[in-house]
Amino acid sequence: MKQAPSLLLVAAAALLPTMVDCHTVFTTLFVNEVSQGDGTCVRMSMDPQHCVDPIDGLDSDDMACGVNGGKAVAFTCPAPTDGKLTFEWRLWADAEQPGALDPSHKGPCAVYAKQIKNMTTDSAAGPGWVKLWDEGYDDASGKWCTEKVIENNGLMSIDIPKSLPGGDWLFRPELLALHNADKGDPQFYTGCAQVFVQSDKTGNLDVPSEYSVSIPGYVQADTPGLTFNIYEPRFPYPMPGPKVYQPAADSEMKAAVASTSSKAVQQTKGTIPPEYLIKNANWVGVEVSSYSTEDGCWKASEACYDQASECYDSAPPTGGANCRVWEEKCDGITAACSAGDFNGPPNKGKKLQSDDPAPPADIPGAANTDIEVRRRWGRRGTSLAASLS
Ligand SMILES: *[C@@H]1O[C@H](CO)[C@@H](O)[C@H](O)[C@H]1NC(C)=O
Ligand SMILES: [Cu+2]
């Protein structure tokens, strides 16, 4: 039974030499169930052949936001203070084939977050990470978290805790596959979403040290949750990493947010230009300058193709479908120039049809809602007890 997956892999690899084996990659962020577009605001490996691979080395800086995750992407997606974030995992980055994760990849999931002062220059790797949610093995359903992610078509959601201070944040979904953990090979998958939290709270998240960890550094090869044998399990599963931080319910959170102001912090960096005609991951195409001469026409054609090149060069493994749509616009300008129509551009300012795929299925509810509800009940219970005594 344990041999089957690897035989399948060998067979598949022989048939399709370019096919990547069945790991996974975080490709797409949804804010309040709205897709931000494949790769938009997402730090992922830029290598199409290896973007779905697990992180190589527990002490690697890639543990923070994945391969190439140390470099900011151009866009940071805004989200309301208690907004819902959904992370989509895929077997194939460009969704050329469906699927989120191979069923053999059983293990826990988590979402971490880190407050960022400067998205361009601050390091993702290093201290300051808090865990907002995790789930390991669910006794009631007999399922690992990764199995639930597969059932949810690769979608994993959390609510942003209301009391997180506003500004730039990295949100880091994490899957840990334990199918080879008994052989010393726990497989971490991660990436990061750049999110601007729109809150009227400002200041630094300064949490008690037991909640805040450094990534890499928060797990070691001998951490019990990383050596767990899923074929001969001895539950409960020891969840790796720090305790989950529940700022909305914790009184220390008030102290954690240094100052408050009455206005929501305005995003100034990493905004997506509103006038774009089409977007591909972290690139947008903007209209070329108007022209009324032959020379101007050819210059516009060239400027259009220059943007297309930037699009392809910046496209992550989720693909360049919208770069091709943009290129067709350039072909249209070129055709007009060739035909002697030197007034343009044609269809000036017209939005182009975007190929962003819809979510693969219904988006699941936030996984950390349970925690909040339980805490609220807990508090209500306490105050009820107080009023009765
Ligand atoms: C981040 O740092 C860079 C380089 O020092 C600077 O140009 C940029 O303005 C900074 N951004 C913010 C939001 O402070
Ligand atoms: Cu794998």
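Heads up: these notes are all about the structure in this document. Quick caveat: nothing in here was measured; it's all calculated off a predicted structure.

Let's talk about the coordination of the copper ion (ligand 2)
Protein ligation of the copper ion (ligand 2) involves H23 (ND1), H105 (NE2) and Y189 (OH), the donor distances falling in the range 1.8 to 2.6 Å. The motif formed by the donor residues of the copper ion (ligand 2), counted along the single chain, is H-x81-H-x83-Y. One end of the pair, H105, is in the loop between strand 5 (84-90) and strand 6 (109-115); the other, Y189, is in strand 12 (residues 187-190), and 84 residues separate them in sequence. On the basis of relative accessibility, which here comes to 1%, the residue Y189 falls in the buried class.

What to know about the sheet that holds strand 2 (residues 34-38)
If you walk across this open sheet you meet the four strands as 2-1-5-10, and the pairing is antiparallel. The open sheet has two edge strands, strand 2 and strand 10 (155-159), and neither has a second partner. In this sheet, neighbouring strand axes are inclined to one another by 30° on average, regardless of whether the strands run parallel or antiparallel. With five bridges joining them, strand 5 and strand 10 adopt antiparallel strand pairing. Opposite K84, over in strand 10, you have D159 as the bridge partner.

Regarding the environment of K143
If you trace the backbone, K143 turns up in strand 9 (residues 143-144). Separated by 36 residues in the primary sequence, K143 and G107 place their C-alpha atoms 9.2 Å from one another. When residues no more than four places from it in sequence are discounted, the contact partners of K143 are G136, Y137, D138, K148 and E151. Side chain to side chain, K143 and E151 meet in a polar contact 2.9 Å long.

Points about unusual backbone geometry
In this model, I215 is joined to P216 through a cis peptide bond whose omega is 0°. Checked against the element boundaries, P216 lands in the loop between strand 15 (212-215) and helix 4 (224-227). Here C41, not a glycine, exhibits a phi torsion of approximately 65°, which is positive. Here C41 lies in the loop between strand 2 and strand 3 (42-43). With a relative accessible area of 0%, C41 lands in the buried category. Phi at N347 is positive, roughly 50°, even though this residue is not glycine.

Section: empty space enclosed by the protein
Applying the stated criterion across every chain yields a total of one cavity of 30 Å³ or more. For the lining of the largest cavity, the secondary structure elements donating two or more residues are strand 6 and strand 7 (126-135). Residue composition of the lining of the largest cavity, by class: five nonpolar, no polar and three charged.

Details of the packing of helix 6 (residues 294-314) against helix 7 (residues 321-338)
It is the contact of helix 6 with helix 7, at a shortest axis distance of 9 Å, that shows an interaxial angle of 165°. Judged by the angle between their axes, helix 6 and helix 7 are roughly antiparallel. Considering the relative orientation of helix 6 and helix 7, their crossing is left-handed. Within the contact between the two elements, helix 6 uses C297, W298, A300, S301, C304, Y305, Q307, A308, C311 and Y312 and helix 7 uses C323, R324, W326, E327, K329, C330, D331, I333, T334, C337 and S338.

Structural notes on the side chain of R43
In this fold, R43 is placed in strand 3. Of the side chains bearing the opposite charge, D168 lies closest to the buried R43, which forms no salt bridge; the N-O distance is 8.5 Å. Dropping the residues within four chain positions of it, R43 is found in contact with C65, G69, G70, K71, A72, V73, M119, A124, L170, G191, C192 and Q194.

Some thoughts on helix 6
Taking 1.5 Å of rise per residue, 21 residues should cover 30 Å, and helix 6 covers 31 Å from first to last C-alpha, within 8% of that figure. Along helix 6, the residues that are buried comprise G296, C297, A300, S301, C304, Q307, A308 and C311. Taken down its axis, helix 6 places every buried residue within 145° of arc, on the same side. For helix 6, exposure combined with an orientation more than 90 degrees from the buried face picks out K299, E302 and D313. The secondary structure elements touched by the buried residues of helix 6 are strand 17 (278-280), strand 18 (283-285) and helix 7.

Re a negative patch on the surface
Among the surface-exposed residues, E302, D306, E310 and D313 lie close enough to one another that they form a single negatively charged patch. Secondary-structure assignment places E302 in helix 6.

Points about the pattern of salt bridges
Enumeration over the complete set of coordinates arrives at 12 salt bridges. Here K329 and E287 are joined by a salt bridge, their closest N and O atoms 3.1 Å apart. Taken together, the positions of K329 in helix 7 and E287 in the loop between strand 18 and helix 6 put the pair 42 residues apart, joining distant regions of the chain. Taken together, the shared-partner salt bridges in this structure form one network comprising D38, E88 and R90.

What counts as what
- Residues numbered from 1 in each chain as written.
- Chains lettered and ligands numbered in written order.
- Predicted model: local features only at pLDDT ≥ 70, side-chain atom pairs only at ≥ 80, totals over all residues.
- Heavy atoms only, no water.
- Donors = N, O, S within 2.8 Å, 3.2 Å for Na, K, Ca; no water.
- Helix = DSSP H or I, 4+ residues; strand = E, 2+ residues; numbered from the N terminus.
- Buried < 20%, exposed > 50% of the residue type's maximum accessible area, 1.4 Å probe, protein only.
- Pairing = 2+ DSSP bridges.
- Axes fitted to C-alpha atoms, helices over the stretch in contact; angles between N-to-C directions.
- Contact = heavy atoms within 4.5 Å.
- Polar contact = N/O pair within 3.5 Å; in protein donor to acceptor, adjacent residues only side chain to side chain.
- 1 Å grid on protein atoms, 1.4 Å probe; cavity = no way out; pocket = protein on both sides within 12 Å on 5 of 7 lines; lining within 4 Å.
- Points joined across faces, edges and corners; volume = space filled by probe spheres on them.
- Nonpolar A, V, L, I, M, F, W, Y, C, P; charged D, E, K, R; others polar.
- Parallel < 35°, antiparallel > 145°, perpendicular 65-115°, else oblique.
- Left-handed = near helix turned anticlockwise from the far one by under 90°.
- Lys, Arg positive; Asp, Glu negative; His and termini not counted.
- Salt bridge = Lys/Arg side-chain N within 4 Å of Asp/Glu carboxyl O.
- Expected span 1.5 Å × (residues − 1).
- Arc of directions from axis to C-beta.
- Patch = residues over 30% accessible without salt bridge, like charges linked within 9 Å, V, L, I, M, F, W, Y side chains within 5 Å.
- Areas by Shrake-Rupley, 256 points an atom, 1.4 Å probe, with all protein chains shown as cover.
- Charge placed at Lys NZ, Arg CZ, Asp CG, Glu CD.

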